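The chain contents come next:
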Amino acid sequence: MPATEQRPWNLRESYLFDRTVIAEIQRAAAEGIYDIRGFGAKRRLPHFDDLLFLGASISRYPLEGYREKCATDVVLGTRFAKKPLELKIPVTIAGMSFGALSAPAKEALGRGATEVGTSTTTGDGGMTSEEREHSKTLVYQLLPSRYGMNPDDLRRADAIEVVVGQGAKPGGGGMLLGHKISDRVAEMRSLPKGIDQRSASRHPDWTGPDDLEIKITELREITDWEKPIFVKVGATRTYYDVQLAVKAGADVIVVDGMQGGTAATQDVFIEHVGIPTLPATRIAADALQELGMHRQVQLIVSGGIRGGADVAKALALGADAVSIGTAALVAMGDNAPEHDEAYREIGSAAGFYDDYQAGLDPAGISTQDEQLAERFDPILGGRRVANYLRVLTLETQTLARACGKSHVHNLEPEDLVALTVEAAAMAKVPLAGTDWIPGR
Amino acid sequence: MAVAEREHAAVEVVDLATTSLRELNRRLHELAEAPGPRHWRVVNPSGAHAVACGLDADVEVEIDGHVGYYCAGMNKRATVRVHGNASTGVAENLMSGRVEVDGNVSQSAGATGRGGLLVVRGNASSRCGISMKGIDIVVGGSVGHMSAFMAQTGCLVVCGDAGEALGDSIYEARLYVRGSVASLGADCVEKELTDEHTAKVRGLLDAAGIDADPADFRRYGSARRLYNFHIDNAGAY
């Protein structure tokens, strides 16, 4: 936490060894274990903030705000599935496990998503009755651990997401520390209570794209080809991953940039593995376009989506939809100032809290402690998620109308310019005020 | 003979040389909610993948020939017999029922299975019983390396030998091996074989129809040293 006290002007803090670095070295020396935390990357990274929209002017004319229609619907899974998902907005709720989150928090996500006509997603731990009951459209994740995996829930799901990796830790498995393994979590995961749960980093019964194709076929056969099959990857070798996922038969590809959140991962992993969401979005869209599969295989991007501007820019770069995780938790009350005193009692503060792995969340969201979870009202939480999703949608529409688009999917790279050379190169749009795209 | 009795006795033959996999599985899935033939014979599988996966009915399916990946995947209640070899992931995530393979099986047999019984009369390749969650597996021959990796619950009985790193990062699954073990994986140790364990092995061998003396087996399981991270065990992670 940055200190706010006044310091003499002659004291100079090292850029290389700032206070957070010093604190981490001292913590590592004392504890002898790497830092495990939640949240996502905290370092400064090229992001959608580094792009701007070119609003309409003489050569383009805008749509009338609040009067002319700007549609936001999206259909996911049109390639092979008999029953594609029809969503009202291009923002979905990303996979977050019961175990990482409390049951009321999962319920709230379902309530909020359902209220605005979008989907939510299970996580590493299986499907809870609460989230199925309160989620009109629920995506069921097939993860390497296969905790809670069963054919009944596969059939109860509206879509299936094969998780290869996530942005916070591409190449790494899941982690749920022992103090969050309650009786219910232990039963769902077929594990003893109280142990540190390690999820595998690779699927147990397939390796590589050829196997994945067969795995997807099995999932389709089990569910009689009804459900859309998503493939989720952490953003690393995105071009190849996207093209291989298409080859393997995915209906929808989810690309999670390195800003994507996590409930528990090594800090060194969060901050140093993967590529940012910004370049990953453009690379993924280009990979689909090269195959002639853009819009036929839908693209969802996630990792650091905070507001409608992020949504609109991701769509303009070629995504069909985005997913939110961390932002949804914040909308529900995570890191809220009202809990500041409680956060300080456990060594953090509102606005800084990232110890989702600890299970001590005063907001009752990232915990399995029943008393803490009871603090969280799933109805109010759901309402807040719905409100937030509505704002994201309204903001996205506002920007799309300003660019003269009658559907948010009509946004395109040509509507964007970059503020930095890095962002221009990554998004493959001109540096603002120039016609220069680095590398072209 | 009443209609129900005829349905029960008749054997429905499906030739995969002339019938699509989709049609076979669709008809088998219909049995979860509607009456139909209880005995099925699948001929000419020719290594097809995902044969008889996702069943949820009290039926018997005999498969004459070799099958590809994920045969009988996520099976519930049904008995599936493969009169040949099976490729990767046979009986993956088995929920209940019984899957038998007369020949050999490739890697990840019974992966993540949550219940039921998998019997392999030949050998099983690597990662047999990986991440098993309650399934019982009996292998008449040997198993390859990394078998029972991260195995959570259930029993793996190996009448032959086990390859390297048996039971690596094991949780509460119980492993019984009659022959040699090339090496044990992290946190897997040999444990005492008590009467309770020999009785369990005897029951599984009987269920599998394999003649062997339970007293000849040795038991392996978790030392439980890695259940909670401790820096002194860093070399094992």
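What you see is a predicted model, and the numbers here were worked out from it, not measured in a lab. (Residues numbered from 1 in each chain as written. Chains lettered and ligands numbered in written order. Predicted model: local features only at pLDDT ≥ 70, side-chain atom pairs only at ≥ 80, totals over all residues.)

Trainee: Could you clarify how one ought to interpret the overall build of chain B in this entry?
Mentor: Within chain B, the regular secondary structure consists of three helices and 11 strands. If you list the helices and strands of chain B from N to C, you get α-β-α-β-β-β-β-β-β-β-β-β-α-β. In terms of its C-alpha atoms, chain B occupies a principal-axis envelope of roughly 65 × 35 × 30 Å. Across the 237 residues of chain B, 53% fall into the buried class. (Helix = DSSP H or I, 4+ residues; strand = E, 2+ residues; numbered from the N terminus. Buried ≥ 20, exposed ≤ 12 C-beta atoms within 10 Å, placed from the backbone.)

Trainee: Just checking my understanding: could you explain the interface of chain A and chain B for this structure?
Mentor: Frequently, the measure chosen for interface size is the accessible area that the parts lose on association. Tallying the contact residues gives 21 residues for chain A and 37 residues for chain B. In terms of residue count, the dominant contributor to the side of chain A that touches chain B is helix H6 (residues 208–222) of chain A (five residues). The residue inventory of the side of chain A that touches chain B, partitioned by class, reads 10 nonpolar, five polar and six charged. (Contact = placed C-beta atoms within 7 Å. Nonpolar A, V, L, I, M, F, W, Y, C, P; charged D, E, K, R; others polar.)

Trainee: I tried to follow the nonpolar core on my own but got confused; where do I start?
Mentor: Nonpolar side chains in soluble globular proteins tend to be buried together. With 197 residues, the main nonpolar core has Ala250, Ile253 and Ala284 of chain A together with Leu156 and Val157 of chain B as its most contacted residues. Split by domain, the residues of this core number at least three in each of domain 1 (1–70 + 77–92) and domain 2 (107–237) of chain B. Ignoring anything within four residues of it in the chain, the contact list for Ile253 of chain A reads Val231, Val242, Ala245, Ala284, Val297 and Leu299 of chain A. (Core = buried A, V, L, I, M, F, W, Y, C linked by C-beta atoms within 7 Å. Domains from an automatic or database assignment.)

Trainee: Could you clarify how one ought to interpret unusual backbone geometry in this entry?
Mentor: Most peptide bonds take the trans form, and the phi angle of most residues other than glycine is negative. Residues and elements named next belong to chain A. Positive phi is not limited to glycine here, since Asn335 has a value of about 65°. As for its position among the elements, Asn335 is in the loop between helix H11 (326–332) and helix H12 (340–345). One non-glycine residue, Lys428, lies in positive phi territory at about 60°. Residue position: Lys428 is located in the segment after helix H15 (421–427).

Trainee: Can you walk me through helix H3 (residues 195–208) of chain B in this structure?
Mentor: Because each turn of an α-helix spans 3.6 residues, side chains separated by three or four positions end up pointing in the same direction. All names here are of chain B. For H3, which comprises 14 residues, the first-to-last C-alpha distance of 20 Å matches the rise-based estimate of 20 Å (1.5 Å per residue) to within 8%. Looking only at H3, the buried set comprises Val201, Leu204, Leu205 and Ala208. Buried residues of H3, seen end-on, are gathered within an arc of 100° and therefore sit on one face of the element. Seen from the open side of H3, the exposed residues pointing more than 90 degrees away from its buried face are Asp195, Glu196, Ala199 and Asp206. In the core, the buried residues of H3 are packed alongside strand E6 (117–120), strand E7 (133–139), strand E8 (153–158) and strand E9 (174–177). Trailing H3 by a residue or two, Gly209 shows a phi angle of about 75°, which is positive. (Expected span 1.5 Å × (residues − 1). Arc of directions from axis to C-beta.)

Trainee: How should the sheet that holds strand E11 (residues 229–234) of chain A be read in this particular structure?
Mentor: Two modes of strand pairing occur in sheets, parallel and antiparallel, and in both the strands are linked by backbone hydrogen bonds. The sheet built from eight strands is open, its strands ordered E5-E15-E14-E12-E11-E8-E7-E6 (chain A) with parallel pairing. Edge strands, defined here as strands with exactly one partner in the open sheet, are strand E5 (91–93) and strand E6 (120–121) of chain A. (Pairing = 2+ DSSP bridges.)

Trainee: Mind showing me how you'd approach the domain arrangement of chain B here?
Mentor: Residues and elements named next belong to chain B. For chain B, the assigned domains are domain 1 (1–70 + 77–92) and domain 2 (107–237). Between the C-alpha centres of domain 1 and domain 2 there is a distance of 29 Å. Taken together, the contact between domain 1 and domain 2 spans five residues of the former and eight residues of the latter. A per-class count over the side of domain 1 that touches domain 2 returns two nonpolar, two polar and one charged.

Trainee: Which parts of the structure should I look at to understand the pairing of E9 of chain B?
Mentor: All names here are of chain B. The alternating pattern of E9 places Arg174 and Tyr176 on one face and Leu175 and Val177 on the opposite face, and all of these are buried. Note: E8 against E9, four bridges, orientation parallel. Residue pairing across strands places Cys155 opposite Arg174, the latter belonging to E9. Strand direction decides the pairing type here: E9 and strand E11 (residues 218–222), joined by three bridges, are antiparallel. By the bridge assignment for E11, Val177 is matched with Arg218.

Trainee: Is there a simple way to explain helix H2 (residues 103–116) of chain A in this structure?
Mentor: Residue and element names in this part refer to chain A. With 14 residues, H2 extends 21 Å from end C-alpha to end C-alpha; this agrees with the ideal 20 Å at 1.5 Å per step. Counting buried positions along H2 gives 11 out of 14 residues, so the element sits mostly inside the fold. The inward-facing, buried residues of H2 contact E5, E6, helix H3 (129–134), H11, helix H13 (370–374) and helix H14 (378–402). Just downstream of H2, Gly117 is the residue with a positive phi angle, here 85°.

Trainee: Looking at this structure, I do not really get the sheet that holds E6 of chain B. What am I missing?
Mentor: Residues and elements named next belong to chain B. Judged by pairing direction, the sheet is mixed, and its 11 strands sit side by side in the order E1-E2-E3-E4-E5-E6-E7-E8-E9-E11-E10 without closing on themselves. Edge positions in the sheet fall to strand E1 (11–15) and strand E10 (188–191), since each of these pairs with one other strand and no more. Neighbour-to-neighbour, the strand axes of this sheet turn through a mean angle of 15°, independent of strand direction. Relative to E7, E6 is paired through four bridges, and the arrangement is parallel. The residue of E7 that forms the bridge with Val119 is Val138. (Axes fitted to C-alpha atoms, helices over the stretch in contact; angles between N-to-C directions.)

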